[in-house]
Amino acid sequence: MATRPPVGLPKLSRRSRLLLIIGGVLLVGLITGSRLLGTYVNWLWFGEVHFREVYSTVLLTRLGLFVGIGLLVGGLVAINLIIAYRTRPVFVPVTGPDDPVARYRAVVSRRMRLFAIGIPVLIGLIAGASAQADWQQLQLFLNATPFGVTDPQFGHDIGFYAFKLPFYTWLLSWLFIATAVSFVGAVVSHYLFGGIRLAGRGGQLSGPSRAHLSIVAGVFVLLKAVAYFFDRYMLLFSDRNDKFNGATYTDLNAVLPAKLILLCIAVFCAIAFFVGAVLRNLQLPAIATVLLILSSVLVGAAWPAVLEQFSVKPNAIEREAESIKRNITATKQAFGLTDDKVETKPYEGKQNVSLDELKKDQATLGNIRLLDPAVVAKTFTQFQQLRPFYGFPEKLDVDRYKIDNQLQDYIVAVRELNTAGIPQGQRDWINQHLIYTHGNGFVAAEASKVNTPADNGGNGGYPVFQASEVAPDGKVQPGPFGVEQPRTYYGELGSPGDYAIVGGRDSGAPGEYDTDSSSYTYTGSGGVRIGGIFNKLVFAAAYGERNILFNQAITDDSRIIFNRHPRDRVEAVAPWLTVDGDPYPAIVDGKITWIVDGYTTLDNYPYAKKTPLGEVTNDSLPGVAQLPNDQISYIRNSVKATVDAYDGTVTLYEMDTQDPVLKAWMGVFPGTVKPNSDISPSLREHFRYPEDLFKVQRETLSKYHVSEPRDFFSGVSFWGVPSDPTIDNATTLEQQAQAAQQPRDQQPPFYVVAGDPTSSDSNKVSFQLTSSLVRQNREFMASYVTARSDPDNYGKISVLTLNNEAKGPQQIQTQFLTSATVSSELNLLTQQKTKVVYGNLLTLPVGGGLLYVEPVYIERASQNTSFPQLSKVLVSFGDKVGYAPTLSEALEQVLTGAAAQVPSTGQTPGQTPGQTPSTTPTSPSTSTPPGSGQSSPELAQAVKDIQTALGAIKSAQASGDFAALGNAYKALDDATKKWEAANAGASSTPTSSSVVQPTPTPSG
């Protein structure tokens, strides 16, 4: 019977091969061309911001990893393929005419160089491309710095776990991959060249192939022994127990010894594989493999499970006490909550407070914020937008400024360019990228002030705006904050692909829009020069826009501005930072400056709690970028970054001088982070304690304020972040009452200017970030957490703990909504198709109690262009609810009846600045000693001062200026003291009574 010869692969014609080569070259060109184009554009951009060393360091590190791991994996595969080929049998019998192995063997033999080189190169390219993304681990390993703190189990510095152990395990994983791929390649090669035959009973394995595969398998097992060695350290990050992180009793007393036993067994097994290779005997490696598997099951899994089930769980509190102590200590260290940074004090949380006690909190009562930055953005847009192509972010920011040496908090925003607002008929390429290029001005409104009450003819309840801008005539109006350059080219409203081409216009070319009567040409240093033909070609290709190439207004001095969002710019120049989701603008030395917080994080701090960053920092606040939901176990606000709104200059400042992670990165990128001493006082005055860090810390404090392992294990003393009671969009009171019982997003922290409840100085105000914490699974207040932002006490955290049943935010909101006066008016408003918007519910410690203040806005529900108007103010203190058009009236309602009698001046004894009197002030009557016939000069002057202060109070109440109201009450308090002292100094008892019954004032 005739047989046909083996059939090889089909041959391609010369033309087909040529077409395939051309197609491959074009494909490679398209892939690499776009990458090369992006690399060159990035190179230009990093040169513009003077951080090219960062880009080059990252590129070289990535390239080094690509080449190194590619050579490691590809080289090992190539070596094993060569060994398999050279140890192939001389004669390989063919099983039949249709033997598929023989057919492939013939093809490979004819193209041996192609397969011998091509396969390792392809595998090396894939491995290198995967490894280059891990450049941070290599650089941290090379620039490791000590923490000065050791772990409680092995005694290693934390720097070993932060910088070295991740690199060791990463390198070990690539060695595993290289060995495993080499083993598979060797098996395939030996099978292809006849070293392994499956024909016959049990198949056949040649001596060289047996030795080769035994050695590769032995190397793999030896690497497993090394892995067992490093696994001991990984136990310190264990999550075996769902109550805490770190090595548990079972890990330390069962798993840790098991790792050492398995390490020894793995070394023995590796030796058995090597001996088997020499003796050409597979029995010894087979026995060793079975021993390793059985040991892994019995020693590594079964014994820890038995110990956990029958010893640890029945006695969990005692067994895990030491591990819980370690977890608490490490977590406080990792999240910056050690005793030197956090001050905890008990707080009474009184329901009824005397006016003498309220006197201590004049700083807080005189600075209560009424404007909610998450609500009034549309109001800013309505009154301050000027043109449709300007805009404000969805959420505005809170900052503070000293005006007339008085610290005041302001709602601040930049009037930014918003190209989406350009009218549709004018939205062409020239208008979008050459004409409308920049924003105009900085807008601020005092946070505790509105123009007039909302019921004053319908024109009240709006912020009192203060703008620094370019006037219609083209001249700069610096405003109260002294802005020298109000034009802004960098801000939060720009889209990722947005760009503007500015500067260098020829005479007669259209200039950039500045005002309706004036144009402007950019003179700053921001942007990449685009004038040359090559750069024009590059950016025309990058943006797919031929107009860049042919537009005649673009000259040699023109610049293209892109990557305009402050957060994106900081992330680009500092890729090792986790950047805060909410940049904010400030006026620093006459410049509009974006301030961005940067965090250094780790995911491998021994024994520390693991926290999902994105989940913890997510709350009900709109318009804030979401952080990545990485698991972190260490965080520091190590860097403060600034971005100039005019020229885009990015500057990084060292904030935490003790952070080892920052020191390591400063070693990677020397000179990129300026030292803390370079921070100017004018910039430092505007640093805020960052919200995202505070959210992480308050979440951590909710559990780790507990110091006793038994209490921690039981969890009965844990706290929780309250849900936000003000985000309800229900339109009827019934819907609101039902929604109040549903789970909500977390309440965000709030920036306020207030007095320090832990300080003895009752007159000092400070800029604080505050939050309430409630009892776990309950709505009663548990604590009040405050982080300071002033330069002299920046970062100081105070925790006021409450032991009574003080109401939490949700309960206060329910109390507001169920109040008869409030509910009737809200129902009336909703029937009129008016949308009710609740502002931020502030919790303020006052006089040993808790004062709650919430602004209530109204908005026309049926209008797309509607905007919020401050209608009323809700106030709660104890069991009383105040609801009035002004804060002073609402405060009066809840504080009425605090004292039975007042002096005839109308001033209650001990009344504090910022507190509205509970009665209508009347003219004072002086007391005269018998026989004198007239009052003393001191008494007459005191009466005059009292009358002046009363007039100031009336004026401040009418204007809604609460800072002035606080000052007026302080003056009234001082004058009353002088009046009382003058009376006490009289030679005899006054002839007329100095105490009268007050005349009540109508509430509301």
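Peer 1: Where do I start with the overall build of the protein chain in this structure?
Peer 2: In terms of regular secondary structure, the protein chain is built from 29 helices and 37 strands. In the protein chain, which comprises 1004 residues, the proportion classed as buried is 53%. A fraction of 68% describes how many contacts in the protein chain between residues 6 or more apart in sequence connect residues 24 or more apart. A total accessible area of about 44100 Å² is found for the protein chain, and carbon and sulfur atoms account for 56% of it.

Peer 1: Hey, could you run me through the sheet that holds strand S9 (residues 442–450) in this one?
Peer 2: Strand-to-strand pairing in sheets goes through backbone hydrogen bonds, with the strands running parallel or antiparallel. One open sheet accounts for 5 strands, arranged S5-S6-S9-S10-S11; its pairing is antiparallel. The strands lining the two open edges of the sheet, one partner per strand, are strand S5 (397–403) and strand S11 (476–477). As defined by bridge partners, S5 adjoins strand S6 (residues 406–414) across 7 bridges and the pair is classed as antiparallel. Bridged to Lys 402 within S6 is Leu 407.

Peer 1: Any chance you could explain the environment of Ala 106 here in plain terms?
Peer 2: For Ala 106, the location among the structural elements is in helix H3 (residues 100–110). Counting along the chain gives 87 residues from Ala 106 to Phe 193, while the straight-line C-alpha distance between them is 9.7 Å.

Peer 1: Got a minute to help me understand the sheet that holds strand S13 (residues 499–502) in this structure?
Peer 2: Here 3 strands make up an open sheet; going across it, the order is S13-S17-S16 and the pairing antiparallel. At either end of the open sheet lies a strand with only one pairing partner, and these are S13 and strand S16 (528–529). Taken together, the 4 bridges between S13 and strand S17 (residues 559–562) define a ladder with antiparallel strand orientation. If you follow Tyr 499 over to S17, its bridge partner there is Phe 562. The sheet strands contacting helix H16 (residues 533–543) are S13, S16 and S17, and the helix crosses S17 at an angle near 30°.

Peer 1: Honestly, the nonpolar core in this entry has me stumped. Any pointers?
Peer 2: Proteins that are soluble and globular tend to have nonpolar side chains buried together. Residues Phe 380 and Leu 652 are the most contacted members of the largest nonpolar core, which totals 185 residues. With 12 residues, the top contributor of residues to this core is helix H6 (residues 158–192). With residues up to four places along the chain from it excluded, the contact list for Leu 652 reads Phe 51, Val 570, Val 573, Ala 574, Val 639, Lys 640, Ala 641, Thr 672, Val 673 and Lys 674. Judged by nonpolar contacts, the second largest core, of 14 residues, contains Ala 217, Tyr 228, Ala 288 and Leu 292.

Peer 1: How do you make sense of the pairing of strand S34 (residues 869–877) when you look at a structure like this?
Peer 2: For a regular strand, the rule is simple: side chains alternate between the two faces of the sheet. Most of S34 sits inside the fold, with 9 of its 9 residues counted as buried. Inspection of the sheet shows strand S33 (residues 849–860) paired to S34 by 8 bridges, in the antiparallel sense. Along S34, the bridge assignment pairs Glu 854 with Leu 874. By the bridge criterion, 5 bridges tie S34 to strand S35 (residues 880–884) in an arrangement that is antiparallel. Its bridge partner lying in S35, Ser 876 is registered against Val 881. Remark: 2 residues form the turn of the hairpin made by S34 and S35, two consecutive strands paired antiparallel; Gly 878 in that turn has positive phi of roughly 65°.

Peer 1: It is not clear to me how the side chain of Thr 437 should be interpreted in this structure. Could you clarify?
Peer 2: Within the fold, Thr 437 resides in the loop between helix H15 (429–435) and strand S8 (439–440). Within the structure, the side chain of Thr 437 is placed 2.9 Å from the side chain of His 438, a separation counted as a polar contact. If near-sequence neighbours (up to four positions away) are discounted, Thr 437 is found in contact with Leu 417, Tyr 489, Ala 500, Ile 501, Val 502, Glu 512 and Arg 564.

Peer 1: In this structure, what is going on with a nonpolar patch on the surface? I would like to understand it.
Peer 2: Together, Leu 222, Val 267, Ile 271, Val 275, Val 278, Leu 279 and Leu 284 make up an exposed nonpolar region whose accessible area comes to about 580 Å². Assignment of secondary structure puts Leu 284 in helix H9 (residues 283–312).

Peer 1: Could you clarify how one ought to interpret the side chain of Asp 251 in this entry?
Peer 2: The topology assignment puts Asp 251 in helix H8 (residues 249–279). The buried category is assigned to Asp 251, whose relative accessible area is 2%. Here the side chain of Asp 251 touches Ser 238 through a polar contact of 2.9 Å, side chain to side chain. In contact with Asp 251, other than residues within four places in its own chain, are Leu 235, Ser 238, Arg 240, Gly 246 and Leu 256.

Peer 1: Would you take a moment to explain unusual backbone geometry for this structure?
Peer 2: When glycine is set aside, most residues are seen to have a negative phi, and most peptide bonds are trans. Backbone geometry at Asp 589 places phi at a positive 55°, although glycine is not the residue there. Among the secondary structure elements, Asp 589 is positioned in the loop between strand S19 (584–588) and strand S20 (591–602). Of note, Asn 777 is a non-glycine position whose phi angle comes to about 65°, a positive value. Counting through the fold element by element, Asn 777 comes out in the loop between strand S28 (765–775) and strand S29 (781–788).

Peer 1: What exactly am I supposed to notice about the environment of Gln 658 here?
Peer 2: Tracing the backbone through its elements, the reader meets Gln 658 in the loop between strand S24 (650–654) and helix H20 (660–668). Classification of Gln 658 as exposed rests on a relative accessible area of 60%. Each C-alpha atom of the pair Gln 658 and Phe 147 lies 9.0 Å from the other, and the pair is 511 residues apart in sequence. A distance of 3.4 Å separates polar atoms of two side chains, one belonging to Gln 658 and the other to Thr 657.

Peer 1: Would you mind showing me how to read the packing of aromatic side chains here?
Peer 2: In this description, an aromatic ring pair is defined by two values, namely the gap between the centres and the angle between the planes. Following the criterion strictly, the structure yields 52 aromatic pairs and no others. Residues Tyr 85 and Phe 193 carry aromatic rings whose centres are separated by 5.2 Å and whose planes lie at 75° to one another, so their mutual orientation is edge-to-face. Taken together, the positions of Tyr 85 in helix H2 (residues 52–86) and Phe 193 in the loop between H6 and strand S1 (196–197) put the pair 108 residues apart, joining distant regions of the chain. What makes Tyr 85 partly exposed here is its relative accessible area of 27%. The exposure class assigned to Phe 193 is buried, which follows from its relative accessible area of 8%. An aromatic cluster is defined as three or more aromatic residues linked by ring pairs; in this entry it consists of Phe 141, Phe 154, Phe 160, Tyr 161, Phe 167, Tyr 168, Trp 170, Phe 229, Phe 230, Tyr 233 and Phe 237. The ring of Tyr 520 has Arg 487 sitting right over it, with the charged end atom 3.9 Å from the ring centre. The ring of Phe 687 carries Lys 640 above its face, with NZ or CZ at 5.2 Å from the centroid.

Peer 1: Explanation requested: helix H14 (residues 377–384) in the structure shown.
Peer 2: Note that an α-helix has 3.6 residues per turn; residues three or four places apart therefore point the same way. Regarding H14, the residues found buried are Ala 377, Thr 379, Phe 380 and Gln 384. Looking straight down H14, one finds that the buried residues subtend no more than 160° of arc, so they occupy a single side. Contacts made by the buried residues of H14 are with S6, S9 and strand S10 (463–470). Positive backbone phi, approximately 70°, marks Leu 386, located one or two places after H14.

Cut-offs and rules
- Residues numbered from 1 in each chain as written.
- Predicted model: local features only at pLDDT ≥ 70, side-chain atom pairs only at ≥ 80, totals over all residues.
- Heavy atoms only, no water.
- Helix = DSSP H or I, 4+ residues; strand = E, 2+ residues; numbered from the N terminus.
- Buried < 20%, exposed > 50% of the residue type's maximum accessible area, 1.4 Å probe, protein only.
- Contact = heavy atoms within 4.5 Å.
- Areas by Shrake-Rupley, 256 points an atom, 1.4 Å probe, with all protein chains shown as cover.
- Pairing = 2+ DSSP bridges.
- Axes fitted to C-alpha atoms, helices over the stretch in contact; angles between N-to-C directions.
- Core = buried A, V, L, I, M, F, W, Y, C linked by side-chain atoms within 4.5 Å.
- Polar contact = N/O pair within 3.5 Å; in protein donor to acceptor, adjacent residues only side chain to side chain.
- Patch = residues over 30% accessible without salt bridge, like charges linked within 9 Å, V, L, I, M, F, W, Y side chains within 5 Å.
- Salt bridge = Lys/Arg side-chain N within 4 Å of Asp/Glu carboxyl O.
- Phe/Tyr/Trp six-rings, centres within 6.5 Å; stacked < 30°, edge-to-face > 60°.
- Lys NZ or Arg CZ within 6 Å of the ring centre and 35° of its normal.
- Arc of directions from axis to C-beta.

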